[in-house]
Amino acid sequence: QVQLVESGGGVVQAGGSLRLSCAASGRTFSIYRMGWFRQAPGKERDFVADIGWSGDSTIYADSVKGRFTISRDNAKNTLYLQMNSLKPEDTAVYYCAVRPYRWTDFNSWGQGTQVTVSS
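Residues numbered from 1 in each chain as written. Predicted model: local features only at pLDDT ≥ 70, side-chain atom pairs only at ≥ 80, totals over all residues. Heavy atoms only, no water.

Bringing the overall build of the chain into the picture now. Within the chain one finds zero helices and 11 strands. Reading the secondary structure of the chain in the N-to-C direction produces β-β-β-β-β-β-β-β-β-β-β. Taking 14 Å as the expected radius of gyration for a compact globule of 119 residues, we find that the chain reaches 13 Å, a close match to that expectation. Its C-alpha atoms give the chain principal-axis dimensions of about 40 × 25 × 25 Å. Across the 119 residues in the chain, those meeting the buried criterion constitute 42%. Long-range pairs, those at least 24 residues apart, make up 53% of the contacts in the chain between residues at least 6 apart in sequence. On the chain, roughly 6300 Å² of surface is accessible, and the fraction owed to carbon and sulfur atoms is 47%. Distance between charge centres in the chain, computed from 13 positive and 10 negative side chains, equals 4 Å. (Helix = DSSP H or I, 4+ residues; strand = E, 2+ residues; numbered from the N terminus. Rg over C-alpha atoms; globule rule 2.2 N^0.38 Å. Buried < 20%, exposed > 50% of the residue type's maximum accessible area, 1.4 Å probe, protein only. Contact = heavy atoms within 4.5 Å. Areas by Shrake-Rupley, 256 points an atom, 1.4 Å probe, with all protein chains shown as cover. Lys, Arg positive; Asp, Glu negative; His and termini not counted. Charge placed at Lys NZ, Arg CZ, Asp CG, Glu CD.)

Printed below as a string of structure tokens:
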């Protein structure tokens, strides 16, 4: 019901920065929270961070806390992830996701954008 398109991925050196964007369309009025997840090759998808679409409450995985910042622009229906001090272990496909009202989990996903951090 909500379509998501990620962008901003690329290749950076360790210690560098990158900002990811996620444009939402469709039934955006249903958005309760939006978040970022990532999946490295051969591994399960892991939670990175999320943010309330009305309130500004944020949650971060311990592995990215202090380095990544999640933010949003409701007027543009866009979610962002500012990634600083990148490490090789941050290399993964990053996915944008939506948790709608009256749902207890994220159920809409983007196609993903590749982030590669070289050592």
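This part is about unusual backbone geometry. One non-glycine residue, S85, lies in positive phi territory at about 50 degrees. Checked against the element boundaries, S85 lands in the loop between strand 8 (78-83) and strand 9 (92-100). Phi at R102 is positive, roughly 70 degrees, even though this residue is not glycine. Examined against the element boundaries, R102 turns out to sit in the loop between strand 9 and strand 10 (108-109).

The next subject is the sheet that holds strand 1 (residues 2-7). Taken together, the four strands give an open sheet; going across it, the order is 1-3-8-7, and neighbouring strands pair in antiparallel fashion. The sheet is open, and its two edges are formed by strand 1 and strand 7 (68-73), each paired on a single side. Direction aside, the axes of adjacent strands within the sheet are offset by 20 degrees on average. Two elements, strand 3 (residues 18-26) and strand 8, share six bridges in a ladder whose sense is antiparallel. Considered in strand 8, the bridge of A23 is made with T78. (Pairing = 2+ DSSP bridges. Axes fitted to C-alpha atoms, helices over the stretch in contact; angles between N-to-C directions.)

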